[in-house]
Structures are given as structure tokens and as C-alpha cells.
Amino acid sequence: MDTHFSGRKKNNRIAVITNGWSGEFLGFVLESIRKEAAKDSIDLFVFTSYILWHDSEERKRNHLKLFSLIHPEDYDGAIVFTNTFNIREEFECVIELFKDCDIPVITTEIPIPGIPFIGSSNYKGMHDLTTHLIKEHNVKNIIYMSGIEGHIECAERKKAVEEALSEHGLKLMDTIQGDFGFYTALVKVSEWVEAGKTLPDAFVCANDLMALGVISGLHKHGIEVPRDVIVTGFDYIKESKLSYPLVATVSRQWDRMGEYIYDELLHQMTDPDPDYKLVLDSTFIPSESCGCKPDDDAIEARLEKVRNMYPDSIRTDMVDLFFQTVRGEMDRVESKDDFFEAAKKTFGKNEFFGPDYCFCTDPRFFEEDPDEYVKKVLSIGDKMDVIYEKRDGESLPGGIIDSRMIYPGYHKEAGKSGFYIICMLNSMDYLIGYIAIKNSPNELYELSLKRLINNLNQQLITIKNYIFSQQNYRKLREIYMTDFLTGLYNRAGCEKFLFSFINRQKEEGHKSVLLFFDINNMKFINDDYGHLNGDLAIKATAEAMRLSLSGKGGWLLGRYGGDEFVAVGEHEKGMTIEKYRERFGKALKKTVTGLKLAFELSASTGCCIISPDDSGTIEDYIRIADQSMYEEKEKSHRIHESRRQEA
């Protein structure tokens, strides 16, 4: 189908909105749209959610944030795969998003009022299927396996079955409520058999996945299809062409639908018609599960599946093995920068997402405490943090981008058609961000993409929790090793940090110095002025240490115990014990004056200078510093005693 987009385009890109669980549908319809868009060098942005009807409300809300990334005015048109939606809120978001926009929109399979519609007949193919069962296989009793309750397409298919039966004087035997899923259908048909209920001549299912589930459930109980009962489906998905027996089903012309959608979208740009409606015929495909001979192509497709069974299973295993490697590399990631380095070693060496993609998170994801993040980050912000990008197979450092850009450095490449998949990254309460994948359409058509995204979600949450557990650990360690009165290291902190500093200085060939401080006449201060003033004396001494030792030297300060303090740092050239005492004395005098203490406060200072080749222990250095302090302390005591006697 030839199309000519020139003269109608403004942004050279089209938005596509879909739920990614319908990979088979996307593989047919979206792929044909992509091929048509390539002729006109148009970029497709495919916004993909993975919402299921039974997801938690938190998960649903986070997935729906995908719609906040879509700005209709940035696109020349939009295609909404409405039939892939699983919850009512997806429809509501589409209506809200496009209600006041002036770009053409096409919806598929399930109509939305005021939006042009292209779909396929749910009725004709199902009516033909039922008529075939009655006429060719003498079927009289049919049980309908329904999809989600209230689903429009499902109701139309059931109506076709009932009316075909009525035309032959028959009625539907019963309806079993399913959910369009394989497993639920398997369970429901097993329950039917185990309850001893009468088997019908045929189970007519609302889709192929349920038909496959029914076949498996019956086989589990020794009931073979089609020997004992007929089973049919709807949709003609890939799995129905590969199973045993091959499923009799209904084709919806999905292989042609994409061309019609693209062509009509172009037409709507110049000649808008919100009431436009096109319904393609659906066609019954007889096969083994109804007792008919399948065509040769179906037989060959099944054989090809068998031939590729092992390689296909290996790919699934490889995804799991890959993320085991990722977890191994990222178990100790403590920051956003660490994440990038770990990602280079893992994602950088694999191409599960293709050669071009990026992970984008809210800038607060690695910064905010988990509980606070959940409260504050409720939607996609204006800016996103690109925490990892792969471009042409090479890992690139991230940066901040405008979320409206979607993809880092996006620009329209002349003569080329880009294909971008955008999927939300979230896990239960957490809205993480999104992943954007460029020019790898096949990733979207396989459910392995969902598997990869699930693993990535969990890995990011694990990293975030680990980062903050480490921060909490460091805070607790700091509390444990910090003196509550002064804010200096306590005795445990001195042994952990101060004394190891001296050993590092030795290893690096640098001199270090250990200073020891002792408040003079501390007992007198406590006895005569009370312990509150004693605490003030301790705080003032600690502050004087900070003032006198700030600047060079990388000093570490600690309260060694009671009224004793210790400090270690690099030895400054030319500094002597007298100069350290003078510097500290001035700082203490300034502190005392500022606090206007009611008592006299002084402290004695001892010093030990340590060379790189010194073999002494910490206890040796403290003893040396204590001895050098002793003479000054004795002098202070004599002066204090003399003043007391004079008083």
C-alpha cells in the first residue's frame, strides 16, 4: 500500500499506545505499521504498559503514569490499540489525553466514542465456526469459555455462538467464566471434569490461549481432543499454530490491519472524520482440534517449532542467567555512579535490549529515603536521570534530560524511520522511571521483554534499598562511635578511626602527630559549679580543639574518656609542642570568652610526633603524649591551689 506523508507532517512522528501483553497482536499489526512508516521516514514512539486486571491498585497507578509521558502536540497522529487494554482506567486515560487535541487518532478493535475506529468482525468468524461445528461435526451441546466479564469483544463472540445455535434449533449448554488466560481456563475445565459434570460436544473459547488451557486441562484428566471433545479458539495466535492438536480458530486479518490503520491515519490528517469506522471480516480456520485436516503450512510451522525448541528454551534460561550475573555485580552498588560502572560490566556486554537503549529514573530515586520517595514521587517529572545508556553497543555515562524528549539526544534523522519502545519501570509502590529501547521492534513482540523489565525493576529496588540500608548502617555506626556530648569520636571511634589514621600515614611515608588534652581541675569544676557546668567545660574544650586544628592536617578528634581528649593529624612542618599548646590555648580562651563561663577553664596538652619508620603502638604514643602533658598539668595544679589558698 503506497502512502505519501509529505505535506501533512509536522513532527515526523506518530505515537502508539498499547498494552504489551498482546505481543502476538503487536507482532502482526504494529510490524505492518512500522513497515509503512519506514516508507515515509516517520518515527514511531510505542508507549507500552504491562497492566493486568488482577494487579494491585498501586501497580496499576504506576503503570498508568506512562500516559504522562505522551504530549499529543509533539506527534502528527496517534494509534491506540484499545483491544490490548486490560482495565477500564486505560480507556479513561486515552479519552482524557486526546479530548482537546487536534491530531488524528485511530483506535482498534474496541470503539471509543469520537475516535475513528478500525477493527475486525468478532461476529462473522465465530458464527461461521459454530455453524461448521454443527453441520460438519454434528455438534449439539456447546459450552462457551468466556473472557473477562463485561468485555465487549467477548460478548460479541458469545452472541455469534448463541445465534448460530438458535438458527439450528439449539441452545448454549453453559458458560464458564474465564479471564482470557491459559491457566484460569485449565483450572476451570479441570474443576468441571472433577465435579463429574457432563462434557459438551465442544468447548468454544473466546480466545486461543483459553482453548490451549482447556485442551491441557482435558488431557490432564485423560480426555483427548478432538477424539472425546472438540475445542476451538479465536485470534489465530502463533501458539495455536504450534500446539498439538493444532487449534481450530478464527483469523482477524491482523496481518493486513496495520496497513489500513496507517493509511487511514494519513487520510484523517487532511480529511478528519471522527465517525469513521472500518470492520474487516474475520475468517474461520478449521484444524485438528475440531477434527479437520490442517493445511500444510500449519504442519510445517509446528515442525519448525520443534526444531527450535531447545534454542528457544536456552534464550529464556539465558535471561535468568544474565540477571544472576547482574545481581552478582550490583549487590554492592552504593550510588548512582556505582550503578553505571556495574551496568557497563553487565548490560554493556549483552544485547538483550538491543544495541541502543537507556534506563531513566526520577532524579530523586537514588537520593530519597524509600519511604519519603514513595510519598513525594507520584508522577513522571519534567526531568529524568539517565542512569545508563547504550548507544551503538557502547556504554555511555548518563545525565539529566527533559522527560518530554523521551530518548537522550533524540532528533529526527533525515531519510530514516526510528522505532522507540517506552515501558514503565516500577515495582508495587515505587514509580522508578522508564526504559526506552531504540530500533529493536522484535523485543516488543516477545514476552521476554516483560521478563527482562521485571528483573530490572527488582534489581533497581534492591539497589535502592541496599544504598539506604548502608546509609542507615553508617548513621548507626556514627551514633555508636560518636560522643553524644561533644560530637567527637568516642573511645570506640578513636580506636576505629583515629588510630588507623596513624597507620595509614606510616604506610604512605608521612609523619603524623598525636595530641592529648586533659582539662585541668575538672573535679573542682564539678564539685564547686555542678555537673552541668562540668558538661559545659567538656563542650568548650571540644570546640577549642576544632578551632585550633581546623585547616591543614586532616585532623580527627575524639573524646578519649571523661575529661581526656585525643587528636591525630598530619604533622605540619615547623610545628612544636609549644606551638600546638599556644594555638590551642588561644582557641580555648576565645571559646570561654564567648560562652561567658562562670569558672576558669584551662587544659593541658601533650604531644607525640610519629615517623613512618616508628614501630611503637598506639598505647606507646598516648603514653609519650601523656608524659609531655604531665609537666604542664602539674604547673596548672600549683597555680590553681595557690589561688584557692589566697581566696
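Residues numbered from 1 in each chain as written. Predicted model: local features only at pLDDT ≥ 70, side-chain atom pairs only at ≥ 80, totals over all residues. Heavy atoms only, no water.

Enquirer: Can you walk me through the side chain of Glu 264 in this structure?
Expert: Relative to the elements of secondary structure, Glu 264 occurs in helix H8 (residues 254-270). Overall, the relative accessible area of 8% leaves Glu 264 in the buried class. Among residues more than four places away in sequence, those in contact with Glu 264 are Ile 106, Ile 118 and Tyr 276. (Helix = DSSP H or I, 4+ residues; strand = E, 2+ residues; numbered from the N terminus. Buried < 20%, exposed > 50% of the residue type's maximum accessible area, 1.4 Å probe, protein only. Contact = heavy atoms within 4.5 Å.)

Enquirer: Any chance you could explain helix H5 (residues 152-166) here in plain terms?
Expert: What sets the pattern is the α-helix's 3.6 residues per turn: residues three or four places apart point alike. Between its first and last C-alpha, H5 extends 21 Å over 15 residues, near the 21 Å set by a 1.5 Å rise per residue. For H5, the complete set of buried residues consists of Glu 153, Cys 154, Arg 157, Ala 160, Val 161, Ala 164 and Leu 165. In a view along the axis of H5, the buried residues occupy a sector of 130°, so they form one face of it. In this fold, the buried residues of H5 make contact with helix H4 (123-137), strand S6 (142-146) and strand S8 (202-205). (Expected span 1.5 Å × (residues − 1). Arc of directions from axis to C-beta.)

Enquirer: Please explain the sheet that holds strand S9 (residues 230-232) as it appears in this structure.
Expert: By way of backbone hydrogen bonds, the strands of a sheet pair with one another, either parallel or antiparallel. Taken together, four strands build an open sheet; the order of strands is S7-S6-S8-S9 and the sheet is parallel. Sheet topology places strand S7 (174-177) and S9 at the edges, where each strand pairs with a single neighbour. The average undirected angle you get between the axes of adjacent strands in this sheet is 20°. Sheet topology places S6 next to S7; four bridges connect them, and they run parallel. From the neighbouring strand, Ile 143 faces S7, where its bridge partner is Asp 174. Contacting S6, S7 and S8, H5 crosses the sheet at an angle of about 175° to S6. Together, S6, S7 and S8 form the strand contacts of helix H6 (residues 182-194), whose direction differs from that of S7 by roughly 135°. (Pairing = 2+ DSSP bridges. Axes fitted to C-alpha atoms, helices over the stretch in contact; angles between N-to-C directions.)

Enquirer: Would you mind showing me how to read the pairing of strand S5 (residues 117-120) here?
Expert: Look at any regular strand and the pattern is simple: side chains alternate between the two faces of the sheet. The two faces of S5 match: Phe 117 and Gly 119 on one face and Ile 118 and Ser 120 on the other face are all buried. Pairing geometry for strand S4 (residues 105-108) and S5, over two bridges, is parallel. Bridged to Thr 108 within S5 is Ile 118. Bridge analysis of S5 against strand S11 (residues 277-280) gives four bridges, and the strand direction is parallel. Paired with Ile 118 across the strands is Leu 278, a residue of S11.

Enquirer: How do you make sense of the sheet that holds strand S22 (residues 603-610) when you look at a structure like this?
Expert: Strands sit in the order S20-S21-S19-S22 across an open sheet of four strands; the sheet is antiparallel. Edge positions in the sheet fall to strand S20 (556-561) and S22, since each has one partner strand and no second. Averaged over neighbouring strand pairs, the angle between their axes works out to 20° when direction is ignored. Two elements, strand S19 (residues 512-519) and strand S21 (residues 564-570), share seven bridges in a ladder whose sense is antiparallel.

Enquirer: Mind showing me how you'd approach a negative patch on the surface here?
Expert: A cluster of like negative charges, contributed by Glu 156, Glu 162, Glu 163 and Glu 167, occupies part of the molecular surface. Along the chain, Glu 163 turns up in helix H5. On the basis of relative accessible area, Glu 163 is assigned to the partly exposed category, the value being 31%. (Patch = residues over 30% accessible without salt bridge, like charges linked within 9 Å, V, L, I, M, F, W, Y side chains within 5 Å. Areas by Shrake-Rupley, 256 points an atom, 1.4 Å probe, with all protein chains shown as cover. Salt bridge = Lys/Arg side-chain N within 4 Å of Asp/Glu carboxyl O. Lys, Arg positive; Asp, Glu negative; His and termini not counted. Charge placed at Lys NZ, Arg CZ, Asp CG, Glu CD.)

Enquirer: Looking at this structure, I do not really get the nonpolar core. What am I missing?
Expert: Side chains of nonpolar character tend, in soluble globular proteins, to be buried together. Leu 30, Phe 81, Phe 339, Phe 347 and Phe 359 are the most contacted members of the largest nonpolar core, which has 63 residues in total. No other element matches helix H14 (residues 448-480), which puts nine residues into this core. If near-sequence neighbours (up to four positions away) are discounted, Phe 81 is found in contact with Val 16, Ile 17, Thr 18, Phe 25, Leu 26, Val 29, Leu 30, Ile 33, Thr 108 and Ile 261. With 43 residues, the next largest nonpolar core counts Leu 129, Ala 206, Val 225 and Cys 290 among its residues. (Core = buried A, V, L, I, M, F, W, Y, C linked by side-chain atoms within 4.5 Å.)

Enquirer: Just checking my understanding: could you explain helix H7 (residues 208-220) for this structure?
Expert: Over its 13 residues, H7 extends 18 Å from the first C-alpha to the last, a length consistent with the 18 Å expected when each residue adds 1.5 Å. Elements in contact with the buried residues of H7: S6, H6, S8, S9 and strand S10 (249-251). Of the residues that open H7, the one with a side-chain oxygen 3.0 Å from the backbone nitrogen of Met 210 is Asn 207. Two residues or fewer after H7 comes Gly 222, characterised by a positive phi angle close to 80°. (Polar contact = N/O pair within 3.5 Å; in protein donor to acceptor, adjacent residues only side chain to side chain.)

Enquirer: Please explain the environment of Asp 320 as it appears in this structure.
Expert: When you line up the elements, Asp 320 lands in helix H10 (residues 309-330). With relative accessibility at 26%, the residue Asp 320 sits in the partly exposed group. As a C-alpha pair, Asp 320 and Thr 184 span 136 residues in sequence and 26 Å in three-dimensional space. The contacts of Asp 320, once residues within four sequence positions are left out, are Arg 327 and Arg 451.

Enquirer: Any chance you could explain the pattern of salt bridges here in plain terms?
Expert: Close approach of charged atoms allows side chains of opposite charge to pair. Counted under the stated rule, the structure contains 31 salt bridges. Of the charged contacts, one joins Glu 96 and Lys 99 as a salt bridge, the two residues approaching to 3.2 Å between their closest N and O atoms. Of the residues examined, Glu 96 reaches a relative accessible area of 48% and is grouped as partly exposed. For Lys 99, a relative accessible area of 51% puts it in the exposed group. Of the charged contacts, one joins Glu 153 and Arg 157 as a salt bridge, the two residues approaching to 3.7 Å between their closest N and O atoms. Placement of the pair is Glu 153 and Arg 157 together in helix H5, with a separation of four residues, close to one helical turn. Considered together, Glu 153 and Arg 157 belong to a single accessibility category, that of buried residues.

By themselves, these are just geometric observations and shouldn't be taken as functional.
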